[in-house]
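Each chain, written out:
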Amino acid sequence: PPSPDQATMRVPLPPELTARQCPFDPPQALARMHGRAPVNQVKLGNDEVIWLVTGMSEARAVLSDPRFSADRFSRPNALISVPEEMREKLFDARARAGQFITMDAPEHTRLRKMVIGQFTLRRMRALIPHITEIVDAHLDAMADAGTSADLVSAFALPVPSLVICELLGVPYEARADFQRRTAALLRMDTPLEETLRVREEMRGFMHELVAAKRAQPDDGLISGLIHGDHAGELTDDELVGVANLLLVAGHETTANMIGLGVFALLEHPDQLELLRRDPELTASAVEELLRYLSIVHLGPTRIATEDVRVGDELIPAGGTVMISTPEINRDSAHWDDPAALDLTRMRNPHLAFGHGIHQCLGQQLARAEMTVALPALVRRFPHLRLTCRPEEVPLRDNMFVYGVHSLPVAWDAPEDA
Ligand code: HEM
């Protein structure tokens, strides 16, 4: 998912590869491309060439092959065509410290292990019941405020923001700032100067927080990294990088799954009704929405460290590979009727959380949040409906994480109120 240095990536993909004909389906140009081959060369707007993978087995091969690096800063590649005078700032080692999503082994392994060690049973057991309270409190607030709302700002964004704040030990009062900064970082067209400035703001904020947790530990994950089993092993820059990675990755992704997920359900009322009536269906519904929507739409990217054959293509050393998760998750070789949203789908080995050593570290948390949030919402507001035409819903095709910018909805007031 997004990381604070994600936005330093410039990917001028041809517009037909990101423009959607339907809010839920991958751009049709991707299917045409996949019809030709599972790996294709694509020329970017800056004349660089990348390889786009639309086949499941080819994607798994790339993501589990150590000859592909996640460190797009270590060597020149198509994703970093920045003016010379900005390079120094962009590659600044202190600013990149701790962001293991763009690191390779053994650095990646070291940091990832430390963070996983903080997702303790005790911490998760305390958090999960709390998710229900957080969800219910937001549903209550929506009901109290009337019979209509923007679902993104009233529910989809605040719920995962609050959850990740509690997990990390970040004061929720800081949300307006970190949500705004994240939004700026994730817009593909944010000027690089602004991206770098926002990245510095995020670092400054987190440095202060790390200093506060050093002085006064709490139960959160940041304090755990500072004072726990690995006390003294991480520099402040690393702590800041890890914490900001989790903060950004932890709220935007899940928020968009909830926002776009509800939009998809509203447009498939039979499926919404299934979810509302049958709680047993929740787990498969969550997996199916993850597959169907594939919000990390400019999937994981990797750089070849030597010449590697993938499908029929030879990726040269230094070549950039992008995994097209939305198209892969609609591969008819892997799913019956892949274009259908089918919440009863049983076997669903999708790629929405990636694959290999970087596979999403927060996936259980994301699943837990969706598992609580989606059924609770559709049960609380049985007649939830859009208040604009579906084609008026603003889509996030200009963002690194796909979804909806807002979702205007209404519901009926309870009859006995
Ligand atoms: C990695 C998707 C929620 C933290 C990833 C990757 C994907 C992904 C595709 C792999 C990136 C790559 O290989 O380059 C998602 C989706 C989410 C979600 C779709 C929500 C539905 C979360 C949450 C957290 C989180 C809630 C934080 C608690 C991370 C981290 C990594 C990661 C730290 C990097 C792992 C590594 O490099 O080893 N995610 N994510 N994600 N995700 Fe998530």
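This text follows the structure it describes.
Residues numbered from 1 in each chain as written. Predicted model: local features only at pLDDT ≥ 70, side-chain atom pairs only at ≥ 80, totals over all residues.

**A word on the overall build of the protein chain**
Here's step 1: Helix and strand content of the protein chain: 16 helices and ten strands.
Here's step 2: Over its C-alpha trace the protein chain gives a radius of gyration of 21 Å, about what one expects of a compact globule, namely 22 Å for 417 residues.
Here's step 3: Along the first, second and third principal axes, the C-alpha atoms of the protein chain reach 65 × 60 × 35 Å.
Here's step 4: Within the protein chain, counting contacts between residues at least 6 apart in sequence, those at least 24 apart form 75% of the total. (Helix = DSSP H or I, 4+ residues; strand = E, 2+ residues; numbered from the N terminus. Rg over C-alpha atoms; globule rule 2.2 N^0.38 Å. Contact = placed C-beta atoms within 7 Å.)

**Overview of the site of the ligand**
Here's step 1: Taken together, 24 residues lie around the ligand, and Thr253, Pro300, Gly354, Cys360 and Gly362 are the ones closest in.
Here's step 2: The set of elements that each furnish at least two residues to the shell around the ligand consists of helix H12 (236–266) and helix H16 (363–380).
Here's step 3: Counting residues per element, the shell around the ligand draws most heavily on H12, which supplies seven residues.
Here's step 4: Its residues assigned to classes, the shell around the ligand comprises 17 nonpolar, six polar and one charged. (Near = placed C-beta within 6 Å. Nonpolar A, V, L, I, M, F, W, Y, C, P; charged D, E, K, R; others polar.)

**A short note on the sheet that holds strand S10 (residues 408–410)**
Here's step 1: Pairing within the open sheet is antiparallel, and its three strands lie in the order S4-S10-S9. A strand with exactly one partner marks an edge of an open sheet, and here the two such strands are strand S4 (148–150) and strand S9 (385–386).
Here's step 2: Across two bridges, the pairing between S9 and S10 is antiparallel. Across the sheet, Leu386 pairs through a bridge with Val409, a residue of S10. (Pairing = 2+ DSSP bridges.)

**Digging into the sheet that holds strand S2 (residues 49–53)**
Here's step 1: Here we have five strands laid out as an open sheet, ordered S1-S2-S8-S5-S3, and mixed in their pairing. Unpaired on one side and paired on the other, strand S1 (39–43) and strand S3 (68–69) mark the two borders of the sheet.
Here's step 2: Sheet analysis places S1 next to S2, joined by five bridges and oriented antiparallel. Paired with Val39 across the bridge in S2 is Val53.

**Some thoughts on the pairing of S2**
Here's step 1: Most of S2 sits inside the fold, with four of its five residues counted as buried.
Here's step 2: Taken together, S1 and the strand that follows it, S2, pair antiparallel across an intervening segment of five residues, in which Asp47 is found at a positive phi of about 70°.
Here's step 3: Bridge analysis of S2 against strand S8 (residues 320–323) gives three bridges, and the strand direction is parallel. Following the sheet pairing, Trp51 is matched in S8 by Val321. (Buried ≥ 20, exposed ≤ 12 C-beta atoms within 10 Å, placed from the backbone.)

**As for the environment of Leu343**
Here's step 1: Relative to the helices and strands, Leu343 resides in the loop between helix H15 (325–328) and H16.
Here's step 2: The exposure class assigned to Leu343 is buried, which follows from the 22 C-beta atoms found within 10 Å.
Here's step 3: As a C-alpha pair, Leu343 and Pro15 span 328 residues in sequence and 31 Å in three-dimensional space.
Here's step 4: Filtering out sequence-adjacent residues up to four positions away, Leu343 remains in contact with Gln271, Leu274, Leu275, Leu281, Ser284, Ala285 and Glu288.

**Quick look at the environment of Leu185**
Here's step 1: Summarising the element assignment, Leu185 is placed in helix H9 (residues 175–186).
Here's step 2: The exposure class of Leu185 is buried, given the 25 C-beta atoms found within 10 Å.
Here's step 3: Taking the C-alpha atoms as reference points, Leu185 and Met206, separated by 21 residues in sequence, lie 16 Å from one another.

**A few points about helix H1 (residues 28–36)**
Here's step 1: When we look at burial in H1, the residues that qualify are Leu30, Met33 and His34. Relative to the axis of H1, the buried residues are bounded by an arc of 100° and lie together on one face. Exposed positions of H1 whose direction lies more than 90 degrees from the buried face are Arg32, Gly35 and Arg36.
Here's step 2: In this fold, the buried residues of H1 make contact with S1, S2 and H15. (Arc of directions from axis to C-beta.)

**Considering the environment of Ala19**
Here's step 1: Here Ala19 is to be found in the segment before H1.
Here's step 2: Overall, the presence of 13 C-beta atoms within 10 Å leaves Ala19 in the partly exposed class.
Here's step 3: Along the primary structure Ala19 and Asp337 are separated by 318 residues, whereas in three dimensions their C-alpha atoms are 23 Å apart.
Here's step 4: In contact with Ala19, other than residues within four places in its own chain, are Pro27 and Asp397.

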